[in-house]
Structures are given as structure tokens and as C-alpha cells.
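# Remarks on the overall topology
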Amino acid sequence: MSDLTPDELRRYARHLAIPEFGIEGQRKLKAARVLCIGAGGLGSPITMYLAAAGVGGLGLVDPDVVEITNLQRQILFGQKDIGRKKLDAARERLLDINPHLDVQVYPELFTASNAMRIAADYDVIIDGTDNFPTRYLSNDVAVWLRKPNVYGSILRFDGQVGVFAPHLGAPCYRCMCPQPPPPGLVPSCAEGGVLGVLPGLIGTMQALEAIKIITGIGQPLLGKLLHVDTLSMRFRTLTLRRDPDCPVCGDKPTITQPIDYEGFCGLSKEPTTASDVPAMTVHELKELRDAGDNHFLLDVREPHELAISRIDGATLIPLGELENRTAELPRGRRILVHCKSGGRSARAVSKLRELGFDDVWNISGGIIAWAREIDPTMAEY
């Protein structure tokens, strides 16, 4: 194991003073390599605390740039970082916390084509994602590579933490959730919102679980799911069991290599051509409105989003309610659909076309594009 330098002995003095941790625990941390998938709300406290604790190698996967809406919860970043690649800013911040850290960055999506390659060199995988395709992929890769998968999820005021590791006798994520929920049923944090301090709490717990796994102290949440309700400050621990019929970690696995995770989760990549889903730009929408076109403008966001910004004349029907409220939509009239950025509205257009609505169009870029390109006085979020 790696020896500790005099500077490291001073830096980690409070760790070394813990009898159950001591110098051996610190050496184990220094020798460990941890991969964090996502450098957002969860990834921020995860990586900052692991860097400060003395984990020797830290890998980060995230393709995004810093936006002002991130700053409410993503404490890795500050005002000066807006517009920068997240991982450039993250690497700079983490090395400022601990210059002894080896930081490897992967400014790309974590996909079926690169996941095994990226994860192979790490001892622990931490799920800091915010979407189901990446969550199932990170689980499957962890199972195949026999690495612990430290799971965390957040929405609004609630969060969950657990450790999935079939090679250690615990179930995997698919044992708990064999199938993803239908598209649109569970909103993302962007759609449903999240209290800014919640990812700080959950991400810190994930960092703690990783430290326990690496050093061998305490009892990690193997086979357990900790649910946190921050409004009542109630913590509940649920026991999870391995599913012998699990397609990935079961007795007779049927999935042994990466699959089409977007398809598995019922999602499709946002369409880019009219042959996928009919679409128009916000400039084309404005031209139709200025010309007095008799179209029906449908907003499939959530009510709290409407309170922040709206396009005059739009009718709100959240995506999750759309299939049960089609009687409110006009037949024989063009329907133009928008959401925040174009993803939910594309799914809405596909669903409406399946239900027999022919003249339905997606507004590319959604209300964010409208605010940036048509009405700069409109609030962005």
C-alpha cells in the first residue's frame, strides 16, 4: 500500500487519531480508485469529500457545462464557472482541496460503448446520475466487473442511498427495480425540482459508504436501502433481497453485456429530423403566431414550471397526464407542443401521433430556446 508523506500525515491527522481508522485506513484510501458517474448535485459532495478524505484516484464522468441553474445545489462550481465544462472546473476545484489527488476526467456520456472501458480501472463505482438509462448501465457494469455500486437518488425533498454488490452477497439495482417506470411517470430533478441541500445530504452519505467499503470500517448499506424524508427528518432503512431470477446477477443471467439502455427505459434520442418527429424552431413558431395561425399550443411541463415562465396562449397538460386528457385537445387543428427544452415535448408528440393526432409538431429547444432567441425578458430556469 502507498506510504503517507509527512504532508499527508499532517493533512489527515484527524483521521489518524481515530483508533478504528488510523494509518491503515488512510493507506487504504490512498491506494483506492473511485469512479463517480455525474458531477452534479450528488457528484459535488461525493467528489469533494472523497478528495478531502484522501482517496488516491478519482474519476469523473460528465459531458455537461456549468449553467446558472446548477449553482443552487452543485457546490463544486461558482459564478465564475458558468459556461465552462463541468469537469474542467471540477478538476481545478478538487486539486485545490487536495493536491495529492489523481483526477481523471471523462467529458463524455457514460454509454454502452465506453462504460466497461472507463469503469475497469476503478475499485468502487458511485452512481451520481439523474436518469434511468445511465443508472441501469452503471449497475450492470458494476455487476460484471465485480465492483461495489454506491447508489443515490434525489427528488424534491426525498432521497435514497444504498450499496449494490452481488459479489459481496448483496442484491443489485435490478433486483430492486427490474423494470424502469414508464417514461414521464417519474420526473427528473429539472422537471420536479429538488431542494438544494438534499443532494448535499445524500451525496455525503454516498461518500461515507464508499469510505466504509474501502477501509473496511463499520457496516456499509449492503442489501439495505436508506430512505430520507427531509421534511419530517425521518430515516427508514429497508432490507433488500437478491432476486435469483435477476437478468444480470441472478442464477441464470440473460444480460451479460451492455444493451440498448435508452430503448430498455422506453426512451429514444431526441429527434433531429422531421422523419422522426415533426419539429419546428421557435422562430417558426413566432412566425405562425404573428400571422395569426389557428394552432393549439400545448405546454407539457409541470405546474410549478408554468409559474416561472409561460408562452401566452399555451394550454398546460403535464406529460404524465397527457394520455388521460386527450379529450381536451382539438381534432382537425394543428397542435404545437413545447416543454422546457424539447425532450418531454418530443415524447408527447410521439404519443399523440400513436393516439391518432396527425398534425402535431414539437417545438425544438422548448421555452428555453424561446427565452434566449425570441423573448430575452422571459425568466430561464
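Residues numbered from 1 in each chain as written. Predicted model: local features only at pLDDT ≥ 70, side-chain atom pairs only at ≥ 80, totals over all residues. Heavy atoms only, no water.

Moving on: the overall build of the chain. When helices and strands are tallied, the chain shows 15 helices and 13 strands. Radius of gyration (C-alpha) of the chain: 23 Å, near the 21 Å computed for a compact globule of 381 residues. Along the first, second and third principal axes, the C-alpha set of the chain runs to 75 × 50 × 40 Å. A total of 381 residues make up the chain; the buried ones form 48% of that total. As displayed, the chain offers around 17800 Å² of accessible surface, 51% of which is attributable to carbon and sulfur atoms. If you average the places of the 42 positive and of the 47 negative side-chain charges in the chain, the two averages end up 5 Å apart. (Helix = DSSP H or I, 4+ residues; strand = E, 2+ residues; numbered from the N terminus. Rg over C-alpha atoms; globule rule 2.2 N^0.38 Å. Buried < 20%, exposed > 50% of the residue type's maximum accessible area, 1.4 Å probe, protein only. Areas by Shrake-Rupley, 256 points an atom, 1.4 Å probe, with all protein chains shown as cover. Lys, Arg positive; Asp, Glu negative; His and termini not counted. Charge placed at Lys NZ, Arg CZ, Asp CG, Glu CD.)

Our next topic: the nonpolar core. One finds Val34, Leu50, Leu60, Leu94, Ile126 and Ile202 to be the most contacted residues of the largest nonpolar core, which totals 43 residues. Ranked by residues supplied to this core, first place goes to helix H10 (residues 198-215) with seven residues. Setting aside anything within four residues of it in sequence, one finds Leu94 in contact with Thr47, Met48, Ala51, Leu58, Leu60, Leu76 and Leu101. Membership of the second largest hydrophobic core comes to 21 residues, among which are Leu35, Ala119, Ala142 and Leu240. (Core = buried A, V, L, I, M, F, W, Y, C linked by side-chain atoms within 4.5 Å. Contact = heavy atoms within 4.5 Å.)

Per the stated rule, a full pass over the model turns up five aromatic pairs. Here Tyr136 and Phe264 contribute two aromatic rings whose centre-to-centre distance is 5.1 Å and whose plane-to-plane angle is 75°, an arrangement assigned as edge-to-face. Taken together, the positions of Tyr136 in helix H7 (residues 132-145) and Phe264 in helix H11 (residues 261-264) put the pair 128 residues apart, joining distant regions of the chain. Judged by its relative accessible area of 0%, Tyr136 falls in the buried class. On the basis of an interplanar angle of 55° and a centroid distance of 5.5 Å, the ring pair of Tyr151 and Phe164 is categorised as tilted. (Phe/Tyr/Trp six-rings, centres within 6.5 Å; stacked < 30°, edge-to-face > 60°.)

Applying the stated criterion across every chain yields a total of 24 salt bridges. Note that Arg325 and Glu321 form a salt bridge whose closest N and O atoms lie 2.6 Å from each other. A residue is classified by how much of its surface remains accessible, and Glu321, at 36% relative accessible area, is partly exposed. Close ionic contact of Arg372 with Glu380 constitutes a salt bridge, the shortest N to O distance being 2.9 Å. By sharing partners, the salt bridges in this structure join Lys80, Asp81, Arg84 and Glu92 into a single network. (Salt bridge = Lys/Arg side-chain N within 4 Å of Asp/Glu carboxyl O.)

Moving on, we get to the sheet that holds strand E6 (residues 158-164). Ordered by their spatial adjacency, eight strands build an open sheet running E3-E2-E1-E4-E5-E6-E7-E8, and the pairing between neighbours is mixed. Unpaired on one side and paired on the other, strand E3 (102-106) and strand E8 (234-239) mark the two borders of the sheet. In this sheet, adjacent strand axes meet at a mean angle of 15° when their direction is disregarded. One ladder, built from five bridges, connects strand E2 (residues 57-61) with E3; its direction is parallel. (Pairing = 2+ DSSP bridges. Axes fitted to C-alpha atoms, helices over the stretch in contact; angles between N-to-C directions.)

One ladder, built from five bridges, connects E6 with strand E7 (residues 224-229); its direction is antiparallel. What sits directly across from Val161, in E7, is Leu226. Examined bridge by bridge, E7 and E8 share six bridges and lie antiparallel to one another. Bridge pairing in E8 places Lys224 opposite Thr239. Linking two consecutive strands that pair antiparallel, namely E7 and E8, is a turn of four residues; a positive phi of about 50° is found at Met233 within it.

What follows deals with the sheet that holds strand E10 (residues 296-299). Taken together, five strands build an open sheet; the order of strands is E9-E13-E12-E10-E11 and the sheet is parallel. Each of the sheet's edge strands pairs with one partner strand only, and the pair in question is strand E9 (279-280) and strand E11 (315-316). As paired elements, strand E12 (residues 335-338) and strand E13 (residues 360-363) share three bridges and run parallel to each other. Each bridged residue has a counterpart across the sheet, and for Leu336 the counterpart in E13 is Trp361. Here helix H14 (residues 343-354) sits on the sheet and contacts E10, E12 and E13; the angle it forms with E13, its principal contact strand, is near 175°.

It is worth stressing that arrangement in space is one thing and function is another; only the former is reported here.
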